[in-house]
2 protein chains.
Amino acid sequence: MSGRFSVTYHVRGSAAEIEARARGIAVEQSVEMPVAAIRDQTVLSEIVGRVERIEDLGDGVFAVDIGLAVATVGDDAGQLLNMVFGNTSLHDDVVLADIAIPDSLVRLFGGPRHGIAGLRARLGVPRRALTASALKPQGLASGGLAALAAQMARGGLDFIKDDHGLADQSYARFAERVRACAAAVGREVRASGHPTRYVPSLSGNLDQLRVQAGLALDLGLDCVLVAPMICGLATLQALVREFPGLAWLAHPSMGGVGRIAPELLIGKLFPLLGADAVIFPSFGGRFGYSRRTCGGLAENARRGGGMRAALPVAAGGMTLDRTGEILDFYGPDTMLLIGGNLLMAGERISVEAARFVGAVSGHVFE
Amino acid sequence: MSGRFSVTYHVRGSAAEIEARARGIAVEQSVEMPVAAIRDQTVLSEIVGRVERIEDLGDGVFAVDIGLAVATVGDDAGQLLNMVFGNTSLHDDVVLADIAIPDSLVRLFGGPRHGIAGLRARLGVPRRALTASALKPQGLASGGLAALAAQMARGGLDFIKDDHGLADQSYARFAERVRACAAAVGREVRASGHPTRYVPSLSGNLDQLRVQAGLALDLGLDCVLVAPMICGLATLQALVREFPGLAWLAHPSMGGVGRIAPELLIGKLFPLLGADAVIFPSFGGRFGYSRRTCGGLAENARRGGGMRAALPVAAGGMTLDRTGEILDFYGPDTMLLIGGNLLMAGERISVEAARFVGAVSGHVFE
C-alpha cells in the first residue's frame, strides 16, 4: 500500500488560475490544511497530493491529474471515495473524471467475483446478448409481483429483477415477496428448462442487507441487486466479500449526473468493489447520457484491467423496437433491460417477453 | 405510515413542457413505469406520485412539488433517499430542493438524540457560541496527533475533532490513534477543568463503525464524527439508534453541490436521522456556498420541526480574524470550527486556540 495513484478532475476555470486551483484540489483531497504549516517531512513527501498534469481541454475546462497516496485509502471503499472526491464534491467547478486504479487497489477490493463469464455460465448462454426486465410497480402485493414474474419468465427472459423501489415496505415485505417471486420463477424454469434468474433488490443497512442476502441464498437464488450509492461503497465491499457465491448487480440510483463521470463511477468503481453487472441509463431512453458516455461506461466495465469483466446492463426506458440498434452499439457482451415497455403489454406480457428474447437471440450484428 | 409527503424539485425547462416533465418526475420517483400499464387501483390512487404544485421561479426554473406515498419509504433512511431522488439524480435538469418532512417520518427516524441543548450541557456552556478545531494532517503518527490535540485542548477549545481524512490507515490505526488522542485531551481537561470534547472520526462499514463507536464509549468519549453520504444514510440511522449515548456530528463529505440543496441534505436530512451537529462549508471560507444557503441550512438545523434542534457547525476555511462577522451572522447557537488557520500557528497553537476561545467568549452580538 505504498506509492500514489492518479485521479483526474475536470476543472472549470481560467488559464491564469488553473495551477493554483489544481494545487488547491491536491491539498483538499489529501492533508486539507495549509502545506506551510506541515512540519513532518514524511507527510510532505508521501501524503500531500501532487499535481501531476494540467491539460487545457478547451472551453474553459482543464484536465488536472492529482497523485494521491494509496496509503490514505487504508482498506476501505468509503474512504476511497472520501479521498478522491469527499470535500471536492462540495466545489461546483470540479467533476471527478477518472481514476487510474492501481494494482494494489484492484487486489485489495477484488473486482467482480463472477463478471460476464460467471453470469453467462449461470444462464448457459455463451455468446448472445442477455435479456432482462423489471418487476413493477411498487405498491403491488407479493402475489401480484410473483404472478408478473411468472408471466415474464414464461417469455424466456434471462434475468427478472426487482424494481429498485421494491424494498421492505408494509404492502410487500421483503421476505414474503422474494419467497413468492423466487417460487414463481422457479416453477417456470422447471417447466421451460431455461434457467431464468430472479434478482431481488436488497436494501437497508449492512445487518438488514446481510439477512436479505442470506435469505436469497437459502431460496437458491444466486444473483442480487443493490444500489451502491444508497447503501454506501463500504457496505457493498463488505457484502461482496461475505457472499462470494452471489453475483451482484449494481443499480445507479443516486449516481448523480455530471459531478462524477458515469464512466468512472458506474463503469469502473462499482466493478472494482465487486459488482458483476452494472445497470445504467442508456442513450435512447428517458435519461440524458450521451452515446459517448454510455460507450465509455460499457467499455470500462468490460475492460477489467486486472479484474474480471463486468456486464454492462443498458436500461432506463429501453424499448423493444430499438433492440437491434442498441445491440449493434453495445455488442453481445451486454444485457438489455426492458421494463416499462414490456409492462405496457399487460396480459400479453409473456408473448412480448418472448418477442424480446427472440429479437436478442436472432439479432445479427452489423 | 399512510398518506403522502411533499418533495420540492427545482426543474430547468420551458413553460410549455413543465407539466409533462413534472408528471415524469412523479412517475420516476414512485412506480417508475407507464401509468397506463398499471391495473391496480390502490397503486394508482395511493402510490403513483402526484404533481401538487408548479411555480415559475423565473430564469427558466420551476419549483415542482410532488406528493410521494409515505408507505414507499418503509422504515429505511436509504430508501427515503432512493424514493426522493434515486433515479432523478441521474437527470441533470433537476435539483432536489426540499422535503416537507411529515411527523410520521420524524417519529420513525427520531431526529437528534441530544442536539444543541445536549451538546451545550456536555460543555457546561449554556449561551455562547461553541468552538472547535480539527486534528490534521493525516499521515502523522498517533503520537503526533495526540500531541497536537493536547496543545489545542490547552487553548480551551470546546471540541477537537479528527480531520475526516483520518480513518484506519497503517500510519495511524484507529484504535491506537483514538486512545492516544483521548488520553492526551483527558489530561488537559483534568488540568484545566474545561471539559473539552475529543471527537474521533468513524469510518468503514457498519460492523467497523460499530466497533469504533464502542471503543469511543469505552474510552469515555461521548461525541463522534461520521460522514453520512460516505457511510450511507441507513448506516447513520442504525448507528444513532444503537448508540443513543453518543452525540453524532455529521461531516458533509460527498455532499455534492447543487444537485441536492445543502439546506435540505445537511440542514434537514442529517438531523432527521439523528445528527446532533452538522458541519458545513460556510461562506467566507474556501467553498462556494452563499450566505443565503448557509443561513437557510443553519436555520433548518436549529428549527427542528418536532425534533430537537441540531447545532450548525460553520467550517471550511474559517479564520480567526473573521470570528466576529461569522458569529454575528449565525448567532450564538452555532459552533465555529477553525482548522488550518489555527494550525498555521505551529508551536504557538495553544495560544492561538486560546485567542480563538477568547474571541468567541467575549463576542458581543450586534
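Residues numbered from 1 in each chain as written. Chains lettered and ligands numbered in written order. Predicted model: local features only at pLDDT ≥ 70, side-chain atom pairs only at ≥ 80, totals over all residues.

**Q** Any chance you could break down the relation of the copies chain B and chain A for me, citing the residues and the numbers?
**A** When chain B is brought onto chain A, the operation consists of a screw motion whose angular component is 180 degrees and whose axial shift is 0.0 Å, with 0.0 Å RMSD remaining. Expressed as a symmetry operation, the mapping of one chain copy onto the other fits a two-fold axis. In terms of proximity to the rotation axis, the leading residue of chain B is B:Gly232, whose C-alpha is 2.3 Å off the axis. Interface overlap between copies is the fraction of interface residues in one copy that are interface residues in the other; for chain B against chain A it reaches 100%, indicating a shared surface. (Least-squares fit on C-alpha atoms with pLDDT ≥ 70 in both. Contact = placed C-beta atoms within 7 Å.)

**Q** Explain the sheet that holds strand β10 (residues 277-281) of chain A residue by residue, including any values.
**A** All names here are of chain A. The strand order across the open sheet built from eight strands is β7-β6-β5-β12-β11-β10-β9-β8, with neighbouring strands paired in parallel fashion. Of all strands in the sheet, those bounded by a partner on one side alone are β7 (197-199) and β8 (223-226). Pairwise comparison of adjacent strand axes, ignoring direction, gives a mean angle of 25 degrees for this sheet. Across three bridges, strand β5 (residues 130-135) lies against strand β12 (residues 335-337) in parallel orientation. Bridging from a neighbouring strand, threonine 131 pairs with leucine 336 of β12. Contacts between helix α11 (residues 262-272) and the sheet are confined to β9 (247-250) and β10, with β10 contributing the most and set at about 165 degrees to the helix. (Pairing = 2+ DSSP bridges. Helix = DSSP H or I, 4+ residues; strand = E, 2+ residues; numbered from the N terminus. Axes fitted to C-alpha atoms, helices over the stretch in contact; angles between N-to-C directions.)

**Q** How would you summarise helix α1 (residues 18-28) of chain A if you had to cite specific residues and measurements?
**A** In an α-helix, one turn spans 3.6 residues, which is why side chains three or four residues apart end up on the same side. Taken as a whole, α1(A) has its buried residues at A:Ile18, A:Arg21, A:Ala22, A:Ile25, A:Ala26, A:Val27 and A:Glu28. At its buried positions, α1(A) is contacted by β1 (4-12), β2 (50-58), β3 (61-69) and β4 (94-100) of chain A. (Buried ≥ 20, exposed ≤ 12 C-beta atoms within 10 Å, placed from the backbone.)

**Q** Explain the packing of helix α6 (residues 142-154) of chain B against helix α15 (residues 349-361) of chain B residue by residue, including any values.
**A** Each pair of packed helices can be described by the angle between their axes along with the distance between the axes. Residue and element names in this part refer to chain B. The geometry of α6 relative to α15 is characterised by a closest axis approach of 7 Å and an angle of 40 degrees between their N-to-C directions. Classed by the angle they form, the pair α6 and α15 counts as oblique. In the packing of α6 onto α15, the handedness of the crossing is right-handed. On α15, the residues that touch Gln151, Met152 and Arg154 of α6 are Ile349, Ser350 and Ala353. For the contact of α6 with α15, the class distribution of residues is three nonpolar, two polar and one charged. (Parallel < 35°, antiparallel > 145°, perpendicular 65-115°, else oblique. Left-handed = near helix turned anticlockwise from the far one by under 90°. Nonpolar A, V, L, I, M, F, W, Y, C, P; charged D, E, K, R; others polar.)

**Q** I'd like to hear about the sheet that holds strand β4 (residues 94-100) of chain B, residue by residue, with values.
**A** All names here are of chain B. Ordered by their spatial adjacency, four strands build an open sheet running β2-β3-β1-β4, and the pairing between neighbours is antiparallel. The sheet terminates laterally at β2 (50-58) and β4, the two strands that pair on one side only. For this sheet, the mean angle separating the axes of adjacent strands, direction not counted, is 25 degrees. Across nine bridges, strand β1 (residues 4-12) lies against strand β3 (residues 61-69) in antiparallel orientation.

**Q** I'd like a description of the packing of α11(A) against helix α12 (residues 291-303) of chain A, backed by residues and values.
**A** Residues and elements named next belong to chain A. Orientation of α11 relative to α12, taken along the N-to-C sense of each, is 15 degrees, at an axis distance of 8 Å. Here α11 is positioned roughly parallel relative to α12, judged by the angle of their axes. Considering only the axes of α11 and α12, their crossing is right-handed. Packed against α11, whose contacting residues are Pro262, Glu263, Ile266, Gly267, Lys268 and Pro271, the element α12 presents Thr293, Gly296, Leu297, Asn300 and Ala301 at the interface.

**Q** Report on the pairing of β9(A), specifying residues and quantitative values.
**A** Residue and element names in this part refer to chain A. Here β9 shows no split at all, with Ala247 and Leu249 on one side and Trp248 and Ala250 on the other all buried. Sheet topology note: the β8/β9 ladder contains four bridges and is parallel. Each bridged residue has a counterpart across the sheet, and for cysteine 223 the counterpart in β9 is alanine 247. What joins β9 to β10 is α11, and the crossover it makes is right-handed. (Right-handed = clockwise from strand over helix to strand, strands pointing away.)

**Q** Outline unusual backbone geometry, listing residues and values.
**A** Residues A:Lys136 and A:Pro137 are joined by a peptide bond in cis, for which omega reads -5 degrees. Of note in this structure, A:Met254 is not a glycine but carries a positive phi near 65 degrees. In this structure A:Met254 comes out as buried when scored by C-beta crowding, with 26 C-beta atoms within 10 Å. Of note, B:Asp59 is a non-glycine position whose phi angle comes to about 55 degrees, a positive value. We classify B:Asp59 as exposed; it has 6 C-beta atoms within 10 Å.

**Q** Before we move on, can you summarise the pairing of β10(A) with the specific residues and values?
**A** Residue and element names in this part refer to chain A. For β10, the buried fraction is high: five of the five residues fall into the buried class. Where burial is concerned, the two faces of β10 agree: the one with Ala277, Ile279 and Pro281 and the one with Val278 and Phe280 are both buried. Pairing analysis gives two bridges linking β9 to β10, with the strands arranged parallel. Note that in β10 the partner of alanine 250 across the bridge is valine 278. As judged from the five bridges shared by β10 and strand β11 (residues 311-315), these two strands associate in the parallel manner. Pairing of isoleucine 279 across the sheet is with valine 313, part of β11.

**Q** Break down the environment of B:Glu28 for me, citing the residues and quoting the values.
**A** All names here are of chain B. By the element assignment, glutamate 28 lies in helix α1 (residues 18-28). On a C-alpha basis, the gap between glutamate 28 and leucine 57 in space is 23 Å, while along the polypeptide they are 29 residues apart. Ignoring anything within four residues of it in the chain, the contact list for glutamate 28 reads Asn87 and Thr88.

**Q** Pulling in residues and values, what's your account of the environment of A:Thr196?
**A** Residue and element names in this part refer to chain A. Here threonine 196 is to be found in the loop between α7 (174-192) and β7. In this structure, the C-alpha to C-alpha distance between threonine 196 and leucine 157, residues 39 residues apart in sequence, is 6.1 Å. Excluding its chain neighbours within four sequence positions, the residues that come into contact with threonine 196 are Ala153, Leu157, Asp158, Ile160, Val185, Glu188 and Val189.

**Q** Tell me about the domain arrangement of chain A, residues and numbers included.
**A** Residues and elements named next belong to chain A. Partitioning chain A into domains gives domain 1 (4-109) and domain 2 (115-361). Between the C-alpha centres of domain 1 and domain 2 there is a distance of 33 Å. With 16 residues of domain 1 at the interface, the matching set in domain 2 holds 16 residues. At the level of secondary structure, the elements contributing two or more residues to the side of domain 1 that touches domain 2 comprise α3 (77-85), β4 and α4 (103-109). Its residues assigned to classes, the side of domain 1 that touches domain 2 shows eleven nonpolar, two polar and three charged. (Domains from an automatic or database assignment.)

**Q** Would you mind going over the nonpolar core in detail, with residue names and values included?
**A** Of all hydrophobic cores here, the largest spans 268 residues; its most connected members are A:Ala149, A:Val224, A:Val313, B:Ala149, B:Val224 and B:Val313. Setting aside residues up to four positions removed in sequence, B:Val313 forms contacts with B:Ala132, B:Leu249, B:Ala277, B:Val278, B:Ile279, B:Phe280, B:Met335 and B:Leu337. (Core = buried A, V, L, I, M, F, W, Y, C linked by C-beta atoms within 7 Å.)

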